[in-house]
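Single-letter residue listing:
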Amino acid sequence: MSDSTDQKRPSDPGPVTKAVVPAAGLGTRFLPATKATPKEMLPIVDKPAIQYVVEEAVAADLQDVLMITGRSKRSIEDHFDRAYELEEALEAKGDEERLRSVRESSDLAQVHYVRQGEPRGLGHAVLCAEAHVGDNPFAVLLGDDLIESADLLRRMIEVREKHGGNVVALMEVEPEQVSLYGCAGIEPTDEDDVVAVTDLVEKPSPEQAPSRWAIIGRYVCDPAVFPILRETPPGRGGEIQLTDALRELVRRKPEDGGPVYGVLFRGRRYDTGNKADYIRTVVDFACRRPDLAEELLPWLRDFVDRREAGRP
Ligand code: UTP
């Protein structure tokens, strides 16, 4: 029997099967677009960002997806639900292709929802998943963070299943960018792409940063993180930070829910909650689509040439 106040809750050593997708943030960096539309629903070409995130979870064999939603997030629930009227209209027209695209999101995974009453930070959003997750290890995928493939998440799950504890995804950033992320102090392990995390600092100044390895929006957590989150006071920005709770697990043994490992990621990753990154994502994804690239690439080249030549 588990005691939710126990600081040393042993986790189920079994496989990771659940994904938690926090999508309850205010999205202030993207106002006014995010006044009534969640940033996770902003389209990347013709699919909302959060659908790519759920597709990544499913590709890593996580069929059980819990979304943490909040104010004005109804459209997320509608998107992953059936749309009978629309489906009937497309069926009547015989538009099979669009019908398939509409059904894709509702057939994708078993999606569950819990509301975070007040956006008190990522750590608080993750704590809202406790009842659903129970004593099992779980993955966290930020709903506005797009990662090129599911290989990273699959590798993180593999590391958890081999070593226990928690796993963060780390990406090397420029020194002037460390203050935008949680940063990790690291030590090598026997595996080239895996490090032992020795420290974690949320949004440090370049002088305080333990390294240039920044935490990006994928985590695999031991359920021992829940009692710690409950005790974690608001940190940076007055928010309850997941990084602060994970720091408490750095020095723990596997039987106590620790330690923390990092998987080094060298692929492409986009923070779609940031305007410039959002635009880069749309352009990148569109240029990789055969139905759009042919038309778009010559236009982009011409656009850049005209800009550089100072022509309108
Ligand atoms: P961000 O750090 O991007 O914060 O959250 P934000 O509040 O959504 O956006 P800005 O900074 O105001 O523009 C990272 C992820 O965590 C979720 C967000 O929805 C996003 O997917 N989040 C954040 C929550 O679910 N709840 C929170 O209280 C905070």
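All of these numbers come straight from a predicted model, not from anything done at the bench.

## Describing the environment of Glu 176
- Among the secondary structure elements, Glu 176 is positioned in the loop between strand 8 (166–172) and strand 9 (182–188).
- The spatial distance from the C-alpha of Glu 176 to the C-alpha of Glu 207 is 10.0 Å, given a sequence separation of 31 residues.

## Overview of the side chain of Gln 116
- Mapping Gln 116 onto the fold places it in the loop between strand 5 (110–115) and helix 5 (122–127).
- Among the residues examined, Gln 116 registers a relative accessible area of 5% and is labelled buried.
- Sequence-distant contacts of Gln 116, that is, excluding residues within four places in its chain, are made with Ala 24, Ile 68, Thr 69, Gly 70, Gly 121, His 124, Ala 125 and Cys 128.

## Concerning the packing of aromatic side chains
- Applying the stated criterion across every chain yields a total of five aromatic pairs.
- Residues Tyr 52 and Phe 285 carry aromatic rings whose centres are separated by 5.1 Å and whose planes lie at 90 degrees to one another, so their mutual orientation is edge-to-face. Here the residue Tyr 52 occupies a position in helix 1 (residues 49–59), and Phe 285 occupies one in helix 10 (residues 275–287), the gap between them amounting to 233 residues. You'll find Tyr 52 and Phe 285 in the same group, each marked buried.
- On the numbers, 5.2 Å between centres and 5 degrees between planes, the contact of Phe 138 with Phe 226 is stacked. Of this pair, Phe 138 sits in strand 6 (residues 138–141) while Phe 226 sits in helix 8 (residues 225–231), placing them 88 residues apart in sequence. Neither Phe 138 nor Phe 226 differs from the other in exposure class; each is buried.

## Some details on the side chain of Glu 191
- Along the polypeptide, Glu 191 turns up in the loop between strand 9 and strand 10 (194–202).
- Of the polar contacts made by the side chain of Glu 191, one reaches the side chain of Arg 155; its length is 3.2 Å.
- With residues near it in sequence (within four places) discarded, Glu 191 still touches Arg 155, Lys 162 and His 163.

## Some words on the site of the ligand
- As a matter of local geometry, the ligand sits amid 19 residues, with Thr 28, Lys 39, Glu 40, Gln 116 and Gly 121 nearest to it.
- Gln 116 places a side-chain nitrogen or oxygen 2.7 Å from a nitrogen atom of the ligand.
- Between the ligand and Gly 143, the relevant distance is 3.5 Å, taken from an oxygen atom to a main-chain nitrogen or oxygen of the residue.
- For the ligand, the protein covers 86% of the area, taking 570 Å² as the surface of the free molecule.
- Considering only residue class, the shell around the ligand consists of eight nonpolar, six polar and five charged.

## Observations concerning the confidence of the model for the chain
- In the predicted model, the chain carries a mean pLDDT of 93, and 96% of its residues have values of at least 70.
- The low-confidence segment residues 1–9, where pLDDT is below 50, has 22 contacts with residues more than four positions distant or belonging to other chains.

## Describing unusual backbone geometry
- Residue Pro 32 follows Leu 31 across a cis peptide bond; omega there is 5 degrees.
- Within the secondary structure, Pro 32 sits in the loop between strand 1 (18–22) and strand 2 (43–44).
- A cis amide bond links Gly 258 with the next residue in sequence, Pro 259, at an omega value of -15 degrees.
- Residue position: Pro 259 is located in the loop between helix 9 (242–249) and strand 12 (260–264).

## Some thoughts on the state of the cysteines
- In total, this model carries zero disulfides according to the counting rule given.
- There is no disulfide at Cys 128, and the cysteine sulfur nearest it, in Cys 221, is 14 Å away.
- Given the relative accessible area of 22%, Cys 128 is considered partly exposed.
- Cys 183 takes part in no disulfide bond, and the closest cysteine sulfur to it belongs to Cys 221, at a distance of 18 Å.
- By relative accessible area, which is 0% here, Cys 183 ends up buried.

Thresholds, definitions, all that
- Residues numbered from 1 in each chain as written.
- Predicted model: local features only at pLDDT ≥ 70, side-chain atom pairs only at ≥ 80, totals over all residues.
- Heavy atoms only, no water.
- Helix = DSSP H or I, 4+ residues; strand = E, 2+ residues; numbered from the N terminus.
- Buried < 20%, exposed > 50% of the residue type's maximum accessible area, 1.4 Å probe, protein only.
- Contact = heavy atoms within 4.5 Å.
- Phe/Tyr/Trp six-rings, centres within 6.5 Å; stacked < 30°, edge-to-face > 60°.
- Polar contact = N/O pair within 3.5 Å; in protein donor to acceptor, adjacent residues only side chain to side chain.
- Near = heavy atom within 4 Å.
- Areas by Shrake-Rupley, 256 points an atom, 1.4 Å probe, with all protein chains shown as cover.
- Nonpolar A, V, L, I, M, F, W, Y, C, P; charged D, E, K, R; others polar.
- pLDDT = per-residue confidence, 0-100.
- Disulfide = S-S within 2.5 Å.

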